[in-house]
Structures are given as structure tokens and as C-alpha cells.
Number of protein chains: 2
Amino acid sequence: MSEEKENIQFQLTEELIEQVETFIESHRDKELTTLLDEFHYADIAEIIDELDWEHAMYIIRLLDSETTSDVLMEMDEDIREKVLENLSAKEIAEEIEELDTDDAADILAELPEDRLHEVISNIEDEEHREEIKELLAYDEDTAGGLMAKELVKVYETWTVAGCLRRIRGQAQNVKRVHSVYVVTKQEKLIGRLSLKDLISAKTDQKIADIYIPSVDYVHVNDDVEDVAKVMAKYDLEAIPVVDDDKTLLGRITIDDIVDVLKEEADKDYQLAAGITTDVEADDSIFELTKARLPWLLIGMCGGLGAGVIISSFSGAMKMFPELLIFVPLIQATAGNVGVQSSAIVVQGLANDTIKGEILKRLFKEFLLGLVNGIAIASIVLLVSHFYFETAYVESITIGVALISVIIMAALIGTFIPILLDKKGIDPAIATGPFITTSNDIFGILIYFLIAKMILGF
Amino acid sequence: MSEEKENIQFQLTEELIEQVETFIESHRDKELTTLLDEFHYADIAEIIDELDWEHAMYIIRLLDSETTSDVLMEMDEDIREKVLENLSAKEIAEEIEELDTDDAADILAELPEDRLHEVISNIEDEEHREEIKELLAYDEDTAGGLMAKELVKVYETWTVAGCLRRIRGQAQNVKRVHSVYVVTKQEKLIGRLSLKDLISAKTDQKIADIYIPSVDYVHVNDDVEDVAKVMAKYDLEAIPVVDDDKTLLGRITIDDIVDVLKEEADKDYQLAAGITTDVEADDSIFELTKARLPWLLIGMCGGLGAGVIISSFSGAMKMFPELLIFVPLIQATAGNVGVQSSAIVVQGLANDTIKGEILKRLFKEFLLGLVNGIAIASIVLLVSHFYFETAYVESITIGVALISVIIMAALIGTFIPILLDKKGIDPAIATGPFITTSNDIFGILIYFLIAKMILGF
């Protein structure tokens, strides 16, 4: 693996991109290599993300495969797809050989089925090939899909001296050692050693006598979000992955968990904003429309639904036209309260701070809605009385309706995520347009029903 | 530090809480100690979070300070505050002595000023005391506020043998070594060694001959979010912190970055949902109202503003009452589009994928709004024509208004976060009720203005 460079100050400038493009177009390979050699592979990937794919190909073919494999891993998925399409199966296999098994499997998983097999059969190192094939079989959302086969393990029967000798060999293939896992002859995980302990131990001691028998681990089928939770909670930097028999299969390191956390956060944020698939500002208008239109259509149904309710009260509209002035207020408030309530529940569910007691929680939201409702209704009453000069009975109607709508919105916002969670559906989809839409309809309905009761039309 | 236990399966059950409470109330200290000894300190903290603070105090006083200091660190802030209030300055100082400097400073920062000084003067280890005082001086949002003083460093003049001997001593105070930093006599950071390299090197070699001169670092005043970005990008598990002279001041480890990322994600999510301060489902109704009411009031202003616009078109309301049926649709669509556009920009700004080119981005949003607008307007035209049986000219009005409103919402949603970012304000506050509210007003205004133009009232 390439060394980390002193590059905290790396800035992707237009001048830099232009310079790279000039070097490519005039085939000044030596100057280009010298220039790029100064950068970390993550920075080279950032540069490549700004180029078109032909230029990207040029750089990939120019640099040595040790660097380009890491660059491939870091670059934008769309450009990588293009680059991989234009490399031969043999060339891809050469890049793959340089990567850790988890990264290799991630890149291979993006290839079409037939090409995938072609590339795999071109991987020369048999052990690497078999390990990658094993990893490809796991679901990408499970511990198995995230783990790497690279790890340092010792058998309980070894001595410290033998251990140190063999670890040096194993450590060649492992970027960071973290923990040394201790296994039985049958590869069953029974404990761990820290490198620190190993350095301090006497050379003739048996591993069986010095290992730490307590070791955290996850099951190969565990959800990646749960793995992230465990590693964050216990401040772990690596965790071994085992199967039902506790056989050691691989390990997950914290840098992958950092990526998972960032992706999860982005996904939840986008869901809350009503975007269905992971998109970026740079994606095409077609991609962006595909991600955005579904939620807009759901929101449209809510808006039309509210319209149907309004038109069904067309008699009242003529008698009390002032009621319609407050439709946007009712709708906005119902939406905002619903989103707030659901966001708090969704986060509580994600952080495991919400445990059962649905009724208690709904009662609390009821009280909260009452407090907020009275505060807002009081202000609105003053505005409607003095500014809009609505009649006394209409003002009362609006106040009562506002409080009722806020309480309803808080209850729906709380109840729906909990219900989804119980049904095994990601409650994050509840926030955003989904809650807003249902609250649009129910809010307007409650408003007109209360108006009907009080004003008697 | 206590060992990690085999506790991946830890489940906080009501039976467990009840058992702990029974033991406390009947003073069965030995059974309680035996029970708690089986758990990781993060789990004990979870148990304590479910108890009242007197019971929490009981456990803190019962267990040894090595365990309780870690438990204190992990437990809920509100309960910790209560517990710290009821411990003497000397007792707190004893807990602090067991913690790493960064955790110690974090806990101390929560104490009131006078008590803080009292606790610090009770810390017996002078070096620890001075280090903590240094850390307390840094802003909590900077690298200085996140770093710990514990690290392993060697001078370039040492030999590998001398190095190994001294590292063993230093490593006693460091939970995980990660990298060994190489400094000059003047404490200037010049490079690093990996433990792996050190094990493989010959014992009589000089550090100056074997160290790796390229080393990533951050400046003590760098923003924590930037530190997180750098560590995630370069897959670093620890990074040294230096001052202007490159003097080595401390180091930041990835576990703290994981916490930063989670807090940032939670904060952004809550801002998007219109919650102003960090609250949890368990907080009091007063706390929750304080976090939620401000946004509801802003939303209320938007709703009332839209109401003012409607009432100012009261003549049109009487002539074309069907127009009012579509007010909820206009409002819902404007809100949804605005939130979607702003969310994409906010994420783009956070991930540095948006670089300048505001006009290009606005033009893209214009096109996107046009595509989405035409799609939605077509459906609405059909519904309004066949279901609501609106007149031909009214249908046209609604269609044109919808397209215009969607384009406007997309442009406002894109422009506001970029503007805030340029002004140095966190653009995340733009999503959620803020965008929705401004779009409520502008959406309704555009709707009626277009209706006025086409229908001519």
C-alpha cells in the first residue's frame, strides 16, 4: 500500500486540473507521473473525478497498479464504471490483486455477471481468488459483506517467539494489525492478544497462557448498522467476524464503519428531505428526477386530497370565506409538527433510546402538542381578531382547530415511525413528505370538521 | 482501562434494571458488584441511565474508580450532572485521574467555574493536571478541544533498542498506540514509525535512519469537522495535532471522530426537521418545547403570510372559488421541492462536491424544476378537468402556476443554502421549516399573480 503523504493542505484547484489535462493531451508522461506522485491516492481520485473518462483511463494506465488500485477504490462510481468497462479482464484482475479482499469484492460486485467471472478467473493468486469469491457471496448490508479476510491470527498452542516470527509474515498482508486473534486448531475464535502485550511478554511463554479470553465479535449475518453501533459504543477499532460455530471468518475495521456511518447519515437525511435514492448534486437531471419525482407525486396526492376535502365543504366556503385564509396555516403547522415528532422518534429508535411504552410516549406527545398548540393558537387568535377581523365564533373555531391539528400531527408523527419499526421497515422513510402528506389531509379534514361542529354549516 | 468483555449480545432488559434496583435498595453490595463486573463499562452506563440519580450515585460509590471513571464518561449528561453535583471535589478528582486527558477535560468542562478550579487543584498528578488545564483552554469545536495528550513519541536521536524500552513505559498510559511520532529535540514533529516497522527493525539502528518522514497532521485550531473529513478521506485511525511551529501537542483518535460524525449527523437531521437544539425523546416537555416551538412560530408566520395573500385576493376568491381548492397542492409542492433542492445542496456543500458555478447549478435546477413541473402539472390538469370539472382557462392557470411554483421553489431551495454557506452560516439550517416557510408565501403569491394575469381579475 502506498504511504500516506503530507497532504492535509491538498486543495483541488482549476489550475491543477488544467495542468493535468495539458500533460495528458501532450503526452508528457514523465511530468505527469512526477506531479501525481506527490499526491495521496485519495487526492488523485479527486483529480480524476474532475476529468472525463478517457483522461481518467490515461492516468490509470500510466501509474503503477499499486497506486491505481487504491485510486480506483476511491474514485466516483460513475467514472469507475466507465474505466472498468474499458479495461480488459486481465487488467482489472491485476488491479484487484493489489487490493485488500474487502475492497476487491466491493469493486467486483459492480461488474456485470459474465465479466465478473472473467475477471475472477484472471486473478492469479489462488488464495486471494477464493477469499474474494467467498466475500462476494455475502449480502453487502451484512458483516460478511463488509469484512476483509486479511487479519493476523495465532493458534493457542504457539509460543510468543514463534508467534512474533509468524506475525511478521502475516502482517505483510495486513495494513494495520490492531488485534491478534487467538484461535483453536479448528479455527474457533477463543480470544485475542494486543501487539503491546505481545511485545512485553517473555518469548518462551505459550499463547494459551497469556491471551485475553474475552473478545468482542459479530456474526457474519449481523446487519452493518448493528456492527457500527457496537463498534462505536465499545470504542473498537476492529472486530472479528464469526459464523454459528464461532469459526473466525474475517474482520471489520473502523475505517469501513466510518464510511457506513456517513452513508447512513446521508441516506437518512435524504429520506427526511423526500429523496428516494442516493443522488448527488452532480448527477444527471434524469437521475435526479427519478429520485425526486416519486415523493413529489405522493405530496401531490396529499395536496389534491386536501383539495377534495375543501371542495366537499364548498357550501361552508361561501358562508365563511374567512376560513380559507387559514388553510395554509393549518397545513404548514400540521406538516412541521409531524416532521418534528417523527424525527425525534426516528432518532430515538436509531440510538435505542426508545424502549417500548408506546402509550406513555403518545401521552407525552399529546401534552407537548397541547402546550405548543395553546401557544400558537393564542398568537393566531390575536392576529385573526385584530388583523383579519374575523368574527368571535370563527376565531374560536380556528383556535380549537389549531390545537386539535397540532395534537393530531404530533400523534401521527410519533405513531407511524414506531409502527414501521415494529413491522421491520426503516422508520426513516416516515419523516419528510410521507408524514407531511398524511398530515396535510388529516389537518384540513379536522379543521373543517371542527368548523362544521362549531359554526354548524 | 477495563478490558472489553464478550458482550455483543448485551440486552438492557427491565428484569435486569429491577434486579439492580433490588440489590441497591437491600444493600446487597457483593451481589451487585458481582453482577456488574460481568458488564462492559458502556453497558453499566446504559443501566445507570435507567436509574434515578441516587441509585446511580450508589453504584458510582460502590465500584472501583477505574471502572466508574469510564462509566461516568459514557453515561447520560443529565444524570452525570446530578452525580457530579453530589460528589466531593476530591472524589471527582480521583475519577479524573483515571481518565485520558481528553475525556477528563470533556467532563470537567461541564462543571461550573468555581467547582472546576476546586476539582483541578485536587488532581494529584501534576503532569496530568497541567495537561488537562491546557486542553480546557481550547475551543471544543477545534482539533485542540478533541485531542488527547496521551501519545507515544520518540526523538530522532534514539536507537531502536532504546526506543522499544522507552515505548513500553509510554505505552502504559496509552490505550492504543497506532503510530509512534518522531520529533526533534525541540518537540517538532518530523515523521512517524509504525509499531509493525519497529518490531521488524534491527535494534542498533537509529530512529533518524528508519522513520517515515511523511506524516499527516492537523493544526490545533482546525475545525473538528475538517479533521473528521481528513481522517475519513485518508482512512487514518489517529492524527497528530501541531501548532504553528509544528510542535507536537497531542493526537486525535478515530473513536472520537466516530462520535463527531454521529453528533453532526444527528444535528443536521434535527435541523432539517426543524428542531433547533439537540434533544432526545426522553427530555422534558419544557426542553422539547424550547427546541420545537421556535420553528413552529416561523412556520406560523409563513402560514399567516400566505393567509394575508389569500385575503388580499378576496375578490378573486368570490369569482373563482375553485382556485382555493388548489391552495394546499401549491403549498405542499412548493415545500417539498424546496426541501429536496436544499437537501441536495447542503449535502454537496458538506461533502465538498459543489464548487462555485452558482449560475450553472441554478440553471440545472431550473431545468429540473421544468421537468418535474410539467410531469406534475399534466396529472393535476387531468384531475382538475375530470374530477373538479374546472373551466378550461382555470385548468391552464393551475398548470402554469404549478410549473412556475416548482421552478421557483427549486431555485430558492438551491440559492439560500449556497448564500448562507458564503456568509459563513451553517447551510443545514436552510432545509426544513425555513425553506418551507418562505416557499409557502412565495408559492401562494405566484399562484394568485399568475391567476390574476390569466383570469384577469
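Reading the values: the criteria
Residues numbered from 1 in each chain as written. Chains lettered and ligands numbered in written order. Predicted model: local features only at pLDDT ≥ 70, side-chain atom pairs only at ≥ 80, totals over all residues. Core = buried A, V, L, I, M, F, W, Y, C linked by C-beta atoms within 7 Å. Buried ≥ 20, exposed ≤ 12 C-beta atoms within 10 Å, placed from the backbone. Contact = placed C-beta atoms within 7 Å. Nonpolar A, V, L, I, M, F, W, Y, C, P; charged D, E, K, R; others polar. Pairing = 2+ DSSP bridges. Helix = DSSP H or I, 4+ residues; strand = E, 2+ residues; numbered from the N terminus. Axes fitted to C-alpha atoms, helices over the stretch in contact; angles between N-to-C directions. Least-squares fit on C-alpha atoms with pLDDT ≥ 70 in both. Domains from an automatic or database assignment. pLDDT = per-residue confidence, 0-100. Parallel < 35°, antiparallel > 145°, perpendicular 65-115°, else oblique. Left-handed = near helix turned anticlockwise from the far one by under 90°.

## A short note on the nonpolar core
For step 1, the next point in the chain: In terms of nonpolar packing, the biggest core is built from 146 residues, with V227 of chain A together with V227 of chain B touching the most fellow members.
For step 2, the next point in the chain: Beyond its immediate chain neighbours, meaning those up to four positions away, V227 of chain A contacts A143, L146, V218, D222, I239 and I252 of chain A.
For step 3, the next point in the chain: Listed in part, the 128 residues of the second largest apolar core include A377 and A428 of chain A together with L324 and A401 of chain B.

## A short note on the interface of chain B and chain A
For step 1, the next point in the chain: In this complex, chain B contributes 101 residues to the contact, which on the side of chain A involves 100 residues.
For step 2, the next point in the chain: Split into classes, the residues belonging to the side of chain B that touches chain A amount to 58 nonpolar, 23 polar and 20 charged.

## Here we look at the sheet that holds strand β3 (residues 189-194) of chain A
Residue and element names in this part refer to chain A.
For step 1, the next point in the chain: As summarised here, the arrangement of the 3 strands in space is β1-β2-β3, forming an open sheet in which the pairing is mixed. Bordering the open sheet on either side are β1 (153-155) and β3, each of which pairs with just one other strand. Adjacent strand axes in the sheet meet at a mean angle of 35 degrees, parallel and antiparallel pairs treated alike.
For step 2, the next point in the chain: Here 5 bridges tie strand β2 (residues 179-183) to β3, and the two strands are oriented antiparallel to one another. Across the sheet, the residue bridging to S179 is S194, located in β3.

## Focus: the pairing of β2 of chain A
The side chains of a regular strand alternate between both faces of the sheet.
Residues and elements named next belong to chain A.
For step 1, the next point in the chain: Counting buried positions over the 5 residues of β2 gives 4, a clear majority of the element.
For step 2, the next point in the chain: Looking at chain direction, β1 and β2 are connected through 3 bridges and run parallel. Residue pairing in the sheet places K153 in a bridge with Y181 of β2.
For step 3, the next point in the chain: What sits between β2 and β3 in their antiparallel hairpin is a turn of 5 residues, with E187 showing a positive phi close to 70 degrees.

## A closer look at the relation of the copies chain B and chain A
For step 1, the next point in the chain: Rotating chain B by 180 degrees and translating it 0.0 Å along the rotation axis places it on chain A, where the RMSD comes to 0.2 Å. Such a combination of turn and shift is consistent with a two-fold rotation axis.
For step 2, the next point in the chain: Residue by residue, 99% of the interface of chain B is reproduced at the interface of chain A, so both copies engage with the same surface.

## Let's talk about the domain arrangement of chain A
For step 1, the next point in the chain: As far as domains go, chain A holds domain 1 (14-139), domain 2 (153-254) and domain 3 (285-455).
For step 2, the next point in the chain: With centres defined by C-alpha atoms, the gap from domain 2 of chain A to domain 3 of chain A works out at 53 Å.

## Considerations on the environment of P328 of chain A
For step 1, the next point in the chain: In this structure, P328 of chain A sits in helix α19 (residues 327-350).
For step 2, the next point in the chain: Judged by the 26 C-beta atoms lying within 10 Å of it, P328 of chain A is buried.
For step 3, the next point in the chain: Distance in space between the C-alpha atoms of P328 of chain A and I444 of chain A is 9.4 Å, their sequence separation being 116 residues.
For step 4, the next point in the chain: Beyond its immediate stretch of four places on either side in the chain, P328 of chain A contacts G303, A306, G307, V327, Q331, D440 and I444 of chain B.

## Topic: the confidence of the model for chain A
Interpretation of this model should avoid reading the predicted coordinates in detail wherever pLDDT is low.
All names here are of chain A.
For step 1, the next point in the chain: Here chain A averages 87 in pLDDT, while 97% of its residues score no lower than 70.
For step 2, the next point in the chain: Confidence over residues 1-7 falls short of pLDDT 50; this stretch has 23 contacts with residues more than four positions distant or in other chains.
For step 3, the next point in the chain: Confidence estimates for the predicted assembly give a pTM of 0.80 and an ipTM of 0.78.

## Some details on the packing of helix α3 (residues 41-49) of chain B against helix α5 (residues 65-74) of chain B
Residues and elements named next belong to chain B.
For step 1, the next point in the chain: Taken N-terminus to C-terminus, the directions of α3 and α5 make an angle of 60 degrees; their axes are 8 Å apart at the nearest point. By the angle between their directions, the pair α3 and α5 is classed as oblique. Note on packing geometry: the crossing formed by α3 with α5 is right-handed. For the pair α3 and α5, contact is made by Y41, A42, I44, A45 and I48 and by T67, D70, V71 and E74, respectively.
For step 2, the next point in the chain: Partitioning the contact of α3 with α5 into residue classes produces 6 nonpolar, 1 polar and 2 charged.

## Description of the environment of Y211 of chain B
Residues and elements named next belong to chain B.
For step 1, the next point in the chain: As for its position among the elements, Y211 is in the loop between α14 (207-210) and β4 (218-219).
For step 2, the next point in the chain: With 20 C-beta atoms packed within 10 Å, Y211 lands in the buried category.
For step 3, the next point in the chain: Put simply, Y211 and G348 are 137 residues apart on the chain and 38 Å apart in space, counted from C-alpha to C-alpha.
For step 4, the next point in the chain: Beyond its immediate sequence surroundings of up to four residues, Y211 is in contact with E156, V182, G191, R192 and L193.

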